[in-house]
Amino acid sequence: MSAHRSETIEQTSDAQDAPPSAATKLELVGIGKEFRSKRASTHALSDINLTISDGEFVSLIGRSGCGKTTLLRMLAGLLSPTKGEILIEGRSLWSGTKVDSSVVSQLGVVFQEANLFPWYSVADNISLPLRLRGDGKQERRERAHELAELVGLKGFENSYPRELSGGMRQRVAIARALSIRPKLLLMDEPFGALDALTRERMNLELQRIALATEATVVFVTHDITEAVFLGDRVVHLTPRPGRIRQIRSIDFDRPRSIDVQTEPAFGAIVRDLRHALDEEE
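The shown structure was predicted, so the numbers you read here are calculated from the model rather than taken from an experiment. (Residues numbered from 1 in each chain as written. Predicted model: local features only at pLDDT ≥ 70, side-chain atom pairs only at ≥ 80, totals over all residues. Heavy atoms only, no water.)

As a further point, take the overall build of the protein chain. Across its full length, the protein chain carries nine helices and 13 strands. The globule rule puts the C-alpha radius of gyration for 281 residues at 19 Å, and the 19 Å found for the protein chain is close to it. Oriented by its inertia axes, the alpha-carbon framework of the protein chain measures out at about 50 × 50 × 40 Å. A burial count over the protein chain gives 51% of its 281 residues as buried. Within the protein chain, residue pairs in contact and separated by at least 24 positions form 72% of the contacts whose partners lie at least 6 positions apart. Taken as a whole, the protein chain presents about 13,400 Å² of accessible surface, with 47% of it coming from carbon and sulfur. If the 37 positive side-chain charges of the protein chain are averaged to one point and the 39 negative ones to another, these points end up 7 Å apart. (Helix = DSSP H or I, 4+ residues; strand = E, 2+ residues; numbered from the N terminus. Rg over C-alpha atoms; globule rule 2.2 N^0.38 Å. Buried < 20%, exposed > 50% of the residue type's maximum accessible area, 1.4 Å probe, protein only. Contact = heavy atoms within 4.5 Å. Areas by Shrake-Rupley, 256 points an atom, 1.4 Å probe, with all protein chains shown as cover. Lys, Arg positive; Asp, Glu negative; His and termini not counted. Charge placed at Lys NZ, Arg CZ, Asp CG, Glu CD.)

This is the structure:
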């Protein structure tokens, strides 16, 4: 049985600091988001304070409509916050409604759909961000082959998306997001459309890739087991307006095998989080 320590931190407005031994990668300070229209306004997020360390894997969970994807879109530079500040390595991502493009260019984003270009090969899809920033053909080729091997697609570099399974297409999307060596990898339900067995396999693959690249990851999911298995911490958002209800530290040794999910301590964490979510119905 692996070593394990679990800690639950209830939070309303106070910022949750990252472990002091690690450098801060991402800091959210008083983040709020309100959508306004002529007819009404929707208060999506309120007073989100969170510090994430370099190399940490943080899972976001919460009921549908709690603002998980809204928060991720703000981190990705796709949606501006109404209140608060987002800092990546100490640099502000947003200035009002204007995003700092030099910060955004260092972020990797993976959505539920792989969104690959069907007329591009695997290698061309992986290296597209490098092409857009003007990297040379040889550098792009080498990086694409390096990442294809990393995500388990060696030998498929010249294949096209139509020739790949759903899981393989998501591997291409992950490799594409990693191509620029991002400071932060943002993932929004990337395995939500996959069958259970493929999803389990992709959880193992993502853990391996994150460890190999020492990536800092923010991962949105509705699957509590997935959140606990992958995360160093699980952040639970309340129903709208989304606030941080609790932060659960998950300290099972890495790399984790699927067998860790059968351990009593793992099951207890999943049950506690599920009960907390059930209370919000």
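Let us now look at the nonpolar core. Grouped together as the largest cluster of nonpolar side chains are 48 residues, with contacts concentrated most on Ile126, Ile174, Met187, Val217, Phe219 and Val228. Residue contributions to this core peak at seven residues, all from helix 6 (residues 166-178). When sequence neighbours within four positions are dropped, the list of residues in contact with Ile174 reads Val110, Met187, Phe191, Met202 and Ile209. Of all hydrophobic cores here, the second largest spans 30 residues; its members include Ile31, Ile52, Leu107 and Leu237. (Core = buried A, V, L, I, M, F, W, Y, C linked by side-chain atoms within 4.5 Å.)

We now examine the sheet that holds strand 5 (residues 83-88). Sheet strands associate in pairs through backbone hydrogen bonding, adopting either a parallel or an antiparallel arrangement. Overall, antiparallel pairing links the four strands, which are arranged 3-2-5-6 in an open sheet. Looking at strand neighbours, the two that pair on one side only are strand 3 (41-53) and strand 6 (91-92), the edges of this open sheet. (Pairing = 2+ DSSP bridges.)

What follows is about the environment of Asn49. Note that Asn49 resides in strand 3. Between the C-alpha atoms of Asn49 and Val29, which are 20 residues apart in sequence, the distance is 4.8 Å. A polar side-chain atom of Asn49 sits 2.8 Å from the main-chain amide nitrogen of Gly30. A distance of 3.1 Å separates the side chain of Asn49 from the side chain of Asp47, its partner in a polar contact. (Polar contact = N/O pair within 3.5 Å; in protein donor to acceptor, adjacent residues only side chain to side chain.)

Moving on, we get to the packing of aromatic side chains. Counting across every chain of the model gives six aromatic pairs. Note on Trp119 and Tyr120: the rings are 6.2 Å apart at their centroids and 75° apart in plane angle, and the pair reads as edge-to-face. Assessed through its relative accessible area of 56%, Trp119 is described here as exposed. Ring geometry for Phe191 and Phe219: centres 6.1 Å apart, planes at 50°, overall tilted. One end of the pair, Phe191, is in the loop between strand 10 (184-188) and helix 7 (196-213); the other, Phe219, is in strand 11 (residues 217-220), and 28 residues separate them in sequence. Owing to a relative accessible area of 0%, Phe219 belongs among the buried residues under this scheme. Geometry around Phe35 places Lys33 over its ring, the cationic atom sitting 5.2 Å from the centre. (Phe/Tyr/Trp six-rings, centres within 6.5 Å; stacked < 30°, edge-to-face > 60°. Lys NZ or Arg CZ within 6 Å of the ring centre and 35° of its normal.)

Attention shifts here to the packing of helix 6 against helix 7. For the pair helix 6 and helix 7, interaxial distance at closest approach is 11 Å and the crossing angle is 20°. The orientation of helix 6 with respect to helix 7, classified from their angle, is roughly parallel. Two packed elements cross with a definite hand, and for helix 6 against helix 7 that hand is right-handed. Residues Gly167, Gln170, Arg171, Ile174 and Leu178 of helix 6 form the contact with helix 7, whose own contacting residues are Thr198, Arg201, Met202, Glu205, Ile209 and Thr213. (Axes fitted to C-alpha atoms, helices over the stretch in contact; angles between N-to-C directions. Parallel < 35°, antiparallel > 145°, perpendicular 65-115°, else oblique. Left-handed = near helix turned anticlockwise from the far one by under 90°.)

Moving on, we get to the pattern of salt bridges. Taken as a whole and assessed by the stated rule, the structure comprises 18 salt bridges. The partner of Arg201 in a salt bridge is Glu205, with the nearest N and O atoms 3.1 Å apart. Taken together, the residues Arg201 and Glu205, both in helix 7 and four residues apart, mark about one turn of the helix. Its relative accessible area of 44% is what places Arg201 among the partly exposed residues. One salt bridge in this structure joins Arg248 and Asp272, with 3.4 Å as the shortest N-O distance. One end of the pair, Arg248, is in strand 13 (residues 244-250); the other, Asp272, is in helix 9 (residues 264-278), and 24 residues separate them in sequence. Residues participating in the shared-partner salt-bridge network are Lys25, Asp54, Glu89 and Lys183. (Salt bridge = Lys/Arg side-chain N within 4 Å of Asp/Glu carboxyl O.)

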